[in-house]
Amino acid sequence: MNEMKTSPAADAQADTRLGAFLALNHLPAPAEGMVSLEAYWEALPWEEREASGFSLEKLAADFRDFLARAESEGDSCNSFGQAPAIEELIVLRGHDKNGQPEQFDLTFRPGEVVCLVGPTGAGKSRFLADIECMAQGDTPTGRRVLINGQPPAGADRFSGESGLVAQITQNMNFIMDLTVAEFLLMHAESRALAEPGKTVERVLAAAVDMAGEPFNGQTQVTQLSGGQSRALMIADAAFLSPKPIVLIDEIENAGVDRQRALRLFVEKGKIVLLSTHDPILALSGDRRLVIRNGAVTDVIEPDPGEAEVRARLARLDAVVAGVRERLRTGGRVSPEDIAEAD
Amino acid sequence: MQLITVGGPPACGKSSVILKTIQHLREEGRKVGVVKFDCLSSQDAELFEAAGFPVLTGISSNYCPDHFFVTNIEDCEQWGRRLGLDVLISESAGLCNRCAPHIKGFLAVCVLDNLSGVGTPRKVGPMLKTADLVVITKGDIVSQAEREVFAYRVRQVNAKARIVFVNGITGQGSWELSRLWREAPDEVPLTGGKMRFSVPTAVCSYCFGELRIGEEHQQGTVRKIRLPEPETNAG
């Protein structure tokens, strides 16, 4: 049992902690000023004790765990879900679906954008899953993942919350019935950030900046359009997610400035893995990995020719976007509007 | 034989997660069987049978599902031994949030789904609190932020459990889960062992089939909601 009879200030803190702990365990609130678990348990009517399913020993053990957790949360470099700082992520070669060895060891660094290309079923998801579970030659591909040159500590593996990868995919939706501001604040609070309010403002500003149509903190998250939702998810993952790696699976075309989204992740020092069939995005990476039959079969760095193709496709895309916007706002279009595309 | 208890709210994806995970165990040559506890009916046995896993279904019917679990798990274990299983998965559905089908010394798994909302971890009681492993499903359809907040809330309720994300449809994460199941305690004696959490004190007249409403029909252990004192008119 924790000793908690020091200064009045410490008592007050212990008081709120006991209250929070009891609430989590569906137990009635303690009487005011009550800081000892024994006294609380003694004062509890027998029916409550019986119905709770607890014994004093069990409750005391759980309370110790709870306090230990609160301690480690207060320590900012050990806050919840904090993934290790990555300077270098190495994926050592494994083998393809027929057991043939892969040709490449890969090194990823913060701020890099890497595209994954290959048909459905080629093994893009397995590649990402290998990174997520920090494979040690024990997954079907035989790959090994090193963080800053070291294999991860055993306890970290297979643990979803200390996982390294944040994901944004087409299928994802917000399901919470909250406003954008409430939603972001809730996420910020789970990160135990020093100034959650400020971070929320930054996320919101970045999201609105990326989305075609404006929205504000009072909008319900479930009311956001597809583009707005995606923009909010991207900004949230960039600023609020502790994960050092971001996996983006097909950001849709309409309603979100994809280049700006990529830049945001790069600025925040994330390693971005982009699984896409969109040619502009596929050409936007620092490298692209070709995946076939379960293995990385080629690593392509864009040359000046590809950079030019990308630039021209981006201009075409802007032309299409211009026509889309004109039509959306009720205007007419004429051949001059797409003259640039010729 | 390893016995692993799996519990979780209805429709959270328990059967899908189990099915995907035990396929990995079978690929390694382990013989796996499932006992499925349910309340009223269950079609899940067909799922497991179709995949070639021996399955036993127990329907608690008008008996308390938690009491039903604890009074039957030994016999189910015997069934598993007779079949020569290496791993027996006990899947409990239809338990109320008051209880937990978890036994001291055996790997205890709680399955929750992201779609049920971030309030869920606080509503599910001992099933989550006493678990060694928490599997979170349906993460592919909610935002990263919601996944993180959900996991954070799970952590608040259960400081020790390992949290694993599994997609029951595609099987993503099930291989990782099978690694953890592989390490489950083996050959632990069940008879004489203990539940991790008590089942409810439920010996009132309604346990014995009483249908009528009214104080005169309420006998045995009866618990009342504490109502606020009625306001009295001053003056």
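First things first, this report covers the structure right here in the doc. In this text the structure is predicted, and so the values were computed from the model without any measurement.

## Thoughts on the sheet that holds strand β5 (residues 165-169) of chain A
All names here are of chain A. In space, the six strands of this open sheet follow the order β5-β6-β7-β3-β8-β9, with mixed pairing throughout. Where the open sheet ends on each side, the last strands, each with one partner, are β5 and β9 (295-300). When strand polarity is set aside, the average angle formed by the axes of neighbouring strands in this sheet is 20°. In the sheet, β5 pairs with strand β6 (residues 245-249) via five bridges, with the strands oriented parallel. Each residue of the ladder has a partner; that of Val165, found in β6, is Ile245.

## Regarding the nonpolar core
Ranked by size, the top nonpolar core spans 122 residues in total, and within it Ile234 and Ala235 of chain A together with Val109, Val134 and Val135 of chain B carry the most contacts. With eight residues, the single largest contributor to this core is helix α8 (residues 226-239) of chain A. Residues within four places of Val109 of chain B in sequence aside, it is in contact with Ile4, Thr5, Val6, Ala131, Leu133 and Val135 of chain B. The next biggest cluster of nonpolar side chains, apart from the first, holds eight residues, and it includes Phe21, Leu22, Leu59 and Phe66 of chain A.

## Some words on helix α3 (residues 65-82) of chain B
Residue and element names in this part refer to chain B. For α3, spanning 18 residues, the distance from its first C-alpha to its last is 25 Å, which sits close to the expected 26 Å at 1.5 Å a residue. Residue Asn72 marks the point of greatest curvature in α3, where the axis turns by about 45°. Of the residues making up α3, those classed as buried are Pro65, Asp66, Phe68, Phe69, Ile73, Cys76 and Gly80. In this structure, the buried residues of α3 make contact with β2 (32-38), β3 (55-59) and β4 (87-92). Downstream of α3 by one or two residues, Gly84 has phi in the positive range, about 70°.

## Digging into the packing of helix α6 (residues 180-190) of chain A against helix α6 (residues 144-157) of chain B
Relative placement of two packed helices is described by the angle separating their axes and the distance separating the axes. Between α6 of chain A and α6 of chain B, whose axes approach to 9 Å, the crossing angle comes to 45°. Classed by the angle they form, the pair α6 of chain A and α6 of chain B counts as oblique. Regarding α6 of chain A and α6 of chain B, the two cross each other, and that crossing is left-handed. Two secondary-structure elements touch here, α6 of chain A through Met186, His187 and Ser190 of chain A and α6 of chain B through Ala145, Glu148, Val149 and Tyr152 of chain B. The residue makeup of the contact of α6 of chain A with α6 of chain B, split by class, is four nonpolar, two polar and one charged.

Cut-offs used in this document
Residues numbered from 1 in each chain as written. Chains lettered and ligands numbered in written order. Predicted model: local features only at pLDDT ≥ 70, side-chain atom pairs only at ≥ 80, totals over all residues. Pairing = 2+ DSSP bridges. Helix = DSSP H or I, 4+ residues; strand = E, 2+ residues; numbered from the N terminus. Axes fitted to C-alpha atoms, helices over the stretch in contact; angles between N-to-C directions. Core = buried A, V, L, I, M, F, W, Y, C linked by C-beta atoms within 7 Å. Buried ≥ 20, exposed ≤ 12 C-beta atoms within 10 Å, placed from the backbone. Contact = placed C-beta atoms within 7 Å. Expected span 1.5 Å × (residues − 1). Bend = angle between axes of the 7 residues up to and from the residue. Parallel < 35°, antiparallel > 145°, perpendicular 65-115°, else oblique. Left-handed = near helix turned anticlockwise from the far one by under 90°. Nonpolar A, V, L, I, M, F, W, Y, C, P; charged D, E, K, R; others polar.

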